[in-house]
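Letter by letter, the chains look like this.
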Amino acid sequence: MNPPQSEDTPSEPLATLDAARLGEALRLAEQAVGVSDPNPRVGCVIGLADGTVLGRGTTQRAGDAHAEVMALRDAASQGLDTRGATAWVTLEPCAHHGRTPPCCEALAAAGVARVVIALADPFEEVNGRGVARLRAAGVEVVVAPPEDDTALAARELNIGFLSRVVRRRPWLRLKIAASLDGRTALANGRSQWITGPAARADGHAWRRRAGATLTGIGTVLEDDPRLDVRDVPTVLQPQRVVVDSRLETPPGARILQPPGCAWIYAGTPGSAGADAERRAALVGAGADIRHLPAPEAGGATAKVDLAAMLGDLAARGINELHVEAGHKLNASLLRAGLVDELLVYLAPKLLGLGREMAAFGPLTELSQAMAFTFIDVTRVGDDLRIRARPPGRDLF
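All of these numbers come straight from a predicted model, not from anything done at the bench. All residue numbers here refer to positions counted from 1 along the written sequence of the relevant chain. With pLDDT at 70 or above as the cut-off, local features in this predicted model cover only qualifying residues; side-chain atom pairs require 80 or more to be listed or tallied, and sums for whole chains, interfaces and linings still use all residues. Calculation of side-chain values draws on the structure's entire complement of heavy atoms; hydrogens and water are dropped beforehand.

Once that is clear, we can look at the pairing of strand β8 (residues 212–216). The classification of residues rests on relative accessible area computed with a 1.4 Å probe and restricted to protein chains. Under 20% of the type maximum is buried, over 50% is exposed, and intermediate values are partly exposed. Strands here mean DSSP runs of E at least two residues long; helices mean DSSP runs of H or I at least four residues long; both are numbered from the N terminus. Most of β8 is tucked away, with five of its five residues classed as buried. Taking every second residue as pointing to the same face, both faces of β8 are buried, with A212, L214 and G216 on one and T213 and T215 on the other. At least two DSSP bridges between two strands are required for those strands to pair. With five bridges joining them, β8 and strand β9 (residues 239–243) adopt parallel strand pairing. The residue of β9 that forms the bridge with G216 is V243. In this sheet, strand β12 (residues 320–323) lies alongside β8 in parallel orientation, the contact comprising three bridges. Across the sheet, residue T213 finds its bridge partner in β12, namely H322.

Next comes the structure, spelled out in structure tokens:
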């Protein structure tokens, strides 16, 4: 995705110190994963031209301090004066009163003389206003070139936030664990465990990145998953989401158990009888049910409008959506062009007959194949992790 650019967006590379400090700020921003949602992940370093660092900060939980304020507090706690200093921050400082006051005002009030920004913020209440208000206060502002490594890394770290703001839908990452011959389960449905413990822990790290984890009713009925983060530490648990056209989720399903509640997206609501009883039982178990029937389906068992569901999730503050579903829902998401990224773990095994990654086709021509571009291939334990995206997808 190309960030918004003003007419003075620099074309020259950043100075060495600026690049180094932004790199440090980016590492601080990474600490906000699993903490700051739905707010972006931001890091800030405040220091002097001679290399002295005065303060460091990371965005806290929503409603708490942003990275810039945390860095100013860090400096103040040490009795250090930030007047005349430079603030290096990974995202344009906010310029509006939300749950917290504007960060651009806090920086200006602290006497910061210069601010270096890795990435402009497209959020409509910021989107250049942070830069403008800093400059109006007499602060020098430098924005990294879009092709700068730190700018690209900051974009990747906040790709879900940017997707929600620009496209009004979360960044959808589809996770699949499979054998070398592309089987996600045996013919009888057994799938635990195809990949090894290192890959499973890595998968939980990707769950931690997400504002919500999603699966389909088939997986709920067969595997009874929890879809929470267990194998890595996290401050926030992702919201759990189920695509369940006919409200078949058992009220005792693990995905409905506290803490929190599950969001269930269903098709056409039933008017009485068994449908009403199922709905009442699920609501009694803590489920939040929304009916979003696909317009072309019709009937009492209409499928869920998946695109509308993503829009609703964005409206509810979900930046990244982590999907772990079965071959049918995987195929529906792929056919609809809603998958932004594949996260595939391949185990060094051959399973023969079994369930495929996605049940679509058959195709009649190779030209009909869904094309992806590899963006990362990494060995994780004994398994291989592959990340791939539709060509140009990160450009939105």
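Once you've had a look at it, read on.
It is worth spelling out the environment of V116 at this point. Among the structural elements, V116 can be located in strand β4 (residues 114–117). Residue classification places V116 among the buried residues on the basis of a relative accessible area of 0%. As a C-alpha pair, V116 and I46 span 70 residues in sequence and 10 Å in three-dimensional space. Those residues in contact with V116, other than ones at most four positions away along the chain, are L14, D18, L22, T86, A87, W88, V89 and V142. By definition, residues are in contact when any of their heavy atoms lie within 4.5 Å.

Tracing the chain through its elements places R21 in helix α1 (residues 16–30). We define a polar contact as two N or O atoms separated by no more than 3.5 Å, with the added condition that, inside protein, one atom must be a possible hydrogen donor and the other a possible acceptor, whereas residues neighbouring each other in sequence contribute only through side-chain atom pairs. A polar side-chain atom of R21 sits 2.6 Å from the main-chain carbonyl oxygen of G51. Not counting the four nearest positions on each side in its chain, R21 is found in contact with V45, G51, V53 and W88.

Another point: the sheet that holds β4. Pairing is mixed across the open sheet formed by five strands, whose spatial order is β2-β1-β3-β4-β5. Every interior strand has two partners, whereas the edge strands, β2 (53–58) and β5 (140–143), have only one. Ignoring which end each strand starts from, the neighbouring axes of this sheet average 15 degrees apart. Two strands pair when backbone bridges link them, and strand β1 (residues 43–47) and β2 are joined in this way by five bridges, in the antiparallel orientation. Directly across from V45, in β2, lies its bridge partner R56. Strands β1, β2, β3 (86–89) and β4 of the sheet are contacted by α1, whose axis makes an angle of about 140 degrees with β1. Comment: axis = line fitted to C-alpha atoms, over the contacting stretch for helices; angle = value between 0 and 180 degrees taken between N-to-C directions.

Here we take up unusual backbone geometry. Most peptide bonds adopt trans geometry, and most residues besides glycine take a negative phi value. Residue P38 follows D37 across a cis peptide bond; omega there is 5 degrees. On the secondary structure map, P38 appears in the loop between α1 and β1. Cis geometry is found at the peptide bond from G361 to P362, where omega equals 5 degrees. For P362, the position within the fold is in the loop between β14 (354–356) and β15 (373–380).

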